[in-house]
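Structural overview
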Amino acid sequence: MSASPEPPAVAAEVFGDRLGLAVDYARLLVTDGVVRGLIGPREAPRIWERHLVNCAVVSEIIPIGASVVDVGSGAGLPGIVLAVARPDLHITLVEPLARRTAFLSEAVTALGLESTVTVVRGRAEDVVDGPPAGADVVTARAVAPLDRLAGWCLPLAKVGGRLLALKGATAAEEAAEHRDAVAVLGGAEPVVRLCGEGLIDPPTTVIEVVVRSRPKPPTRAAGPGRDAGGKAGGRTSGRGRSRRG
């Protein structure tokens with residue numbers, strides 16, 4: 001197991017009086033997280049700069065008291081980090097894999113976050129009609145390209161709510177490439193935001209999409225293999241997916 005590296009000075013600015021809790025979470029990530037395959041061994045030495053602080057600065061664009069759904073939460077990045085940094089937030093971690101949800105549930109208990117964090121096992125599509133839906137903010141980090149991500153995440157946010165997708169250096173190109181697909185899904189123009197400017201270098205890049213409307217389901221005329229009520233004679237399978245969501 002790797003020893004947890006010391007937090008950098010900027011961590012105290014980002015986490016404030018919750019720094020001790022962040023240290024506990026860092027220790028979980030570089031020990032159990034590595035052993036259980038949720039964090040790569042090479043990530044342990046840079047757990048603060050690359051993961052914890054990088055995620056925590058996103059909290060600066062999340063309103064006070066917001067409800068947050070973290071899709072494809074994995075080891076809790078950014079969901080648990082946000083819960084540590086912002087105890088005013090109500091966060092639901094959505095993750096389809098059992099070994100990851102087991103770690104998330106154990107981490108939430110170990111960190112004493114049960115009153116503000118809920119772990120839900122499932123894909124975003126599976127929980128769209130459940131309690132996580134209607135969130136103020138939906139977050140996702142390294143889950144999928146923006147067009148697919150918007151399809152999974154926008155239905156979980158309320159109209160006027162936002163998707164915050166943590167991205168890398170090509171965020172602007174991705175936002176431009178998928179703007180039309182996002183619009184079809186009811187999202188406004190994707191906007192690239194930089195979080196943590198003046199604190200970390202480089203700052204965290206986020207694509208923000210506001211939910212503008214709910215897309216109406218297409219109206220289909222009766223035709224071959226379809227009766228007058230619009231019912232098809234057979235069933236089609238759901239869409240495929242290459243990453244978790």
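Note that this is a predicted model, so its numbers are computed, not measured.

Cut-offs and rules
- Residues numbered from 1 in each chain as written.
- Predicted model: local features only at pLDDT ≥ 70, side-chain atom pairs only at ≥ 80, totals over all residues.
- Heavy atoms only, no water.
- UniProt positions renumbered as here; feature names shortened; annotations may be inferred.
- 1 Å grid on protein atoms, 1.4 Å probe; cavity = no way out; pocket = protein on both sides within 12 Å on 5 of 7 lines; lining within 4 Å.
- Helix = DSSP H or I, 4+ residues; strand = E, 2+ residues; numbered from the N terminus.
- Buried < 20%, exposed > 50% of the residue type's maximum accessible area, 1.4 Å probe, protein only.
- Polar contact = N/O pair within 3.5 Å; in protein donor to acceptor, adjacent residues only side chain to side chain.
- Contact = heavy atoms within 4.5 Å.
- Points joined across faces, edges and corners; volume = space filled by probe spheres on them.
- Nonpolar A, V, L, I, M, F, W, Y, C, P; charged D, E, K, R; others polar.

Description of the UniProt feature "binding site: S-adenosyl-L-methionine" (unreviewed entry) in the protein chain
- Those places that UniProt annotates as "binding site: S-adenosyl-L-methionine" (unreviewed entry) correspond, in this numbering, to Gly-72, Leu-77, Ala-124, Glu-125 and Arg-141. Lining the largest pocket, from the residues just named, are Arg-141.
- Mapping Glu-125 onto the fold places it in the loop between β3 (117-121) and β4 (135-141).
- A relative accessible area of 25% places Glu-125 in the partly exposed class.
- Tracing the sequence through the fold places Arg-141 in strand β4.
- On the basis of relative accessible area, Arg-141 is assigned to the buried category, the value being 16%.
- For Arg-141, the side chain forms a polar contact with the main-chain oxygen of Arg-50, separated by 2.8 Å.

A few points about the side chain of Arg-86
- Among the structural elements, Arg-86 can be located in the loop between α4 (79-85) and β2 (90-95).
- Residue classification places Arg-86 among the buried positions, given a relative accessible area of 13%.
- A polar side-chain atom of Arg-86 sits 2.8 Å from the main-chain carbonyl oxygen of Ser-59.
- Apart from residues lying up to four places away in sequence, Arg-86 is in contact with Ser-59, Ile-62, Pro-63, Ile-64 and Gly-65.

Some details on the layout of surface pockets
- Considered as a void within the structure, the largest pocket measures approximately 350 Å³ in volume.
- Forming the walls of the largest pocket are 17 residues, and the residues nearest its centre are Arg-50, Asn-54, Arg-141, Lys-167 and Gly-168.
- For the lining of the largest pocket, the elements supplying multiple residues, two or more each, are α3 (47-56), β5 (157-167) and β7 (204-210).
- With four residues, the single largest contributor to the lining of the largest pocket is α3.
- The class makeup of the residues in the lining of the largest pocket is six nonpolar, five polar and six charged.

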